[in-house]
Amino acid sequence: MRRWRPRTALPPLSARNARFSLPGRSRRSPRSSLLVLPVCAVLTSLALLAGCAGVEGLQSEGRARDVDAPLVLWPEYSPAPPGRDENPVALVPVPNVPRIPSGTMADANPLAVLDADIAAQGRTPPAPKAVRRPELHDITRDGKANLIMAVDLDPRTSELRVYSVRRTVVTRVLVLRGVLAGVDLAAGHLVIREPTKDPRYVSVTDYVWDGHSMSLWNLTLDDARTPQTPRAGGGSP
């Protein structure tokens, strides 16, 4: 009598395929491999075309120019630092004017302060018609008004002076002489505009109170403005 042996079950198809797979590589179906080849060929052709186009578009402009370092003339000479009378932001108490306990320049006599300050420098006080309208604004950002004065020395040159009260004493915190093409106030900054040799542009000097004195914040160039219609000033802080 013939005996039948039980047949061993075949492993799943995935297990049989795993025996022929290389470590670290995934098997792709023949159909997916056939799809990859045309894509690779197309990409290679595009890369070759792009490379050829880039090479044909390049042109030589010749040898680059040599760049020389600037030649400094008289390097052993340098100007002396400004003296106290030449420092525009030096704090200078104004003599012969009353103290101001309130701490605001709104309680001062603008013309009296200006005349006393200029006389203390050995100069003759200006005629009233040469003095522009006084302006009161909080430049030192302490909630107290500062006094801004401008004197026209001639039809072109002017002098700008700013005063504050420091411990009840009227004190000059800024003095500038130049051609004032414009004076602006913006976010606590005092901006001075002066013309340049190019009528299209003005130099812009930006001053700001740093807690102790007026400091130079920035120097830039800006487009020149067209003349504006005068408007009322004399604003309060």
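Residues numbered from 1 in each chain as written. Predicted model: local features only at pLDDT ≥ 70, side-chain atom pairs only at ≥ 80, totals over all residues. Heavy atoms only, no water.

1. Focus: the sheet that holds strand E9 (residues 214-223)
So, step 1. The strand order across the open sheet formed by 4 strands is E6-E7-E8-E9, and the pairing between neighbours is antiparallel. Lying at the two open borders of the sheet, with one neighbouring strand each, are strand E6 (182-186) and E9. Taking the axes of each pair of neighbouring strands and ignoring which way they run, one obtains an average angle of 20° across the sheet.
So, step 2. As defined by bridge partners, strand E8 (residues 201-209) adjoins E9 across 9 bridges and the pair is classed as antiparallel. Looking across to E9, one finds that Val204 is bridged to Thr220. (Pairing = 2+ DSSP bridges. Helix = DSSP H or I, 4+ residues; strand = E, 2+ residues; numbered from the N terminus. Axes fitted to C-alpha atoms, helices over the stretch in contact; angles between N-to-C directions.)

2. Let's talk about the nonpolar core
So, step 1. Counting 17 residues, the largest nonpolar core has Met105, Val113, Leu114, Tyr163 and Val170 as the members making the most contacts within it.
So, step 2. Considering every element that reaches this core, the biggest residue donor is helix H3 (residues 110-120), with 4 residues.
So, step 3. Once residues lying within four places of it in the same chain are set aside, the contact partners of Tyr163 are Val94, Met105, Val113, Leu114, Asp117, Asn146, Leu147, Met149, Thr171, Arg172 and Val173. (Core = buried A, V, L, I, M, F, W, Y, C linked by side-chain atoms within 4.5 Å. Buried < 20%, exposed > 50% of the residue type's maximum accessible area, 1.4 Å probe, protein only. Contact = heavy atoms within 4.5 Å.)

3. Remarks on unusual backbone geometry
So, step 1. With a phi angle near 65°, Asn96 is a residue other than glycine that sits in the positive phi range.
So, step 2. Tracing the backbone shows Asn96 in the loop between strand E1 (92-93) and H3.
So, step 3. Classification of Asn96 as exposed rests on a relative accessible area of 77%.
So, step 4. We note that Arg167 has phi near 55°; this positive angle belongs to a residue other than glycine.
So, step 5. The topology assignment puts Arg167 in the loop between strand E4 (158-166) and strand E5 (169-178).
So, step 6. Residue classification places Arg167 among the exposed positions, given a relative accessible area of 80%.

4. Some remarks on the environment of Leu136
So, step 1. Its place among the elements puts Leu136 in strand E2 (residues 135-137).
So, step 2. Leu136 sits 26 residues away from Pro110 along the chain, and the two C-alpha atoms are 9.8 Å apart.

5. Observations regarding the pattern of salt bridges
So, step 1. The full count for this structure, using the stated rule, is 12 salt bridges.
So, step 2. Where Arg132 meets Asp152, a salt bridge forms, and the shortest distance between an N and an O atom there is 2.9 Å. Separated by 20 residues along the polypeptide, Arg132 in the loop between H3 and E2 and Asp152 in strand E3 (residues 146-152) bring together distant segments of the chain.
So, step 3. Note that Arg193 is salt-bridged to Asp184, the shortest N-O span being 2.9 Å.
So, step 4. Judged by relative accessible area, which is 18%, Asp184 ranks as buried. (Salt bridge = Lys/Arg side-chain N within 4 Å of Asp/Glu carboxyl O.)

6. What about the side chain of Glu135?
So, step 1. Summarising the element assignment, Glu135 is placed in strand E2.
So, step 2. Of the polar contacts made by the side chain of Glu135, one reaches the side chain of Arg133; its length is 3.4 Å. (Polar contact = N/O pair within 3.5 Å; in protein donor to acceptor, adjacent residues only side chain to side chain.)

7. What about H3?
Side chains three or four residues apart in an α-helix point the same way, a direct result of the helix having 3.6 residues per turn.
So, step 1. Of all the positions in H3, only Val113, Leu114, Ala116, Asp117 and Ile118 are classed as buried.
So, step 2. Of the surrounding secondary structure, the elements contacted by the buried residues of H3 are E3, E4 and E5.
So, step 3. The backbone nitrogen of Leu111 has a side-chain oxygen 3.2 Å away, supplied by the residue at the start of H3, namely Asn109.
So, step 4. Two residues or fewer past H3, Gly122 is found with a positive phi of approximately 80°.

8. What about the sheet that holds E5?
So, step 1. Read across the open sheet, the 5 strands follow the order E1-E5-E4-E3-E2; overall the sheet is antiparallel. The sheet is open, and its two borders are formed by E1 and E2, each paired with just one other strand.

9. Description of the pairing of E6
So, step 1. Where E6 meets strand E7 (residues 189-195), 5 bridges bridge the pair, whose relative direction is antiparallel. What sits directly across from Asp184, in E7, is Val191.
So, step 2. Between E6 and E7, which pair antiparallel one after the other, the connecting turn spans 2 residues, and Ala187 there sits at a positive phi close to 55°.

10. Let's talk about the pairing of E3
Every regular strand shows the same layout, with side chains that alternate between the two sheet faces.
So, step 1. Counting buried residues in E3 gives 6 out of 7 residues, a clear majority hidden from the surface.
So, step 2. The sheet contact formed by E2 and E3 spans 3 bridges and is antiparallel. Residue pairing across strands places Leu136 opposite Leu147, the latter belonging to E3.
So, step 3. Pairing analysis gives 6 bridges linking E3 to E4, with the strands arranged antiparallel. Bridging across to E4, Asp152 finds its partner in Ser158.
So, step 4. Counting the residues between successive antiparallel strands, the hairpin from E3 to E4 contains 5 residues.

Honestly, that's just the spatial picture; any functional story needs more than this.
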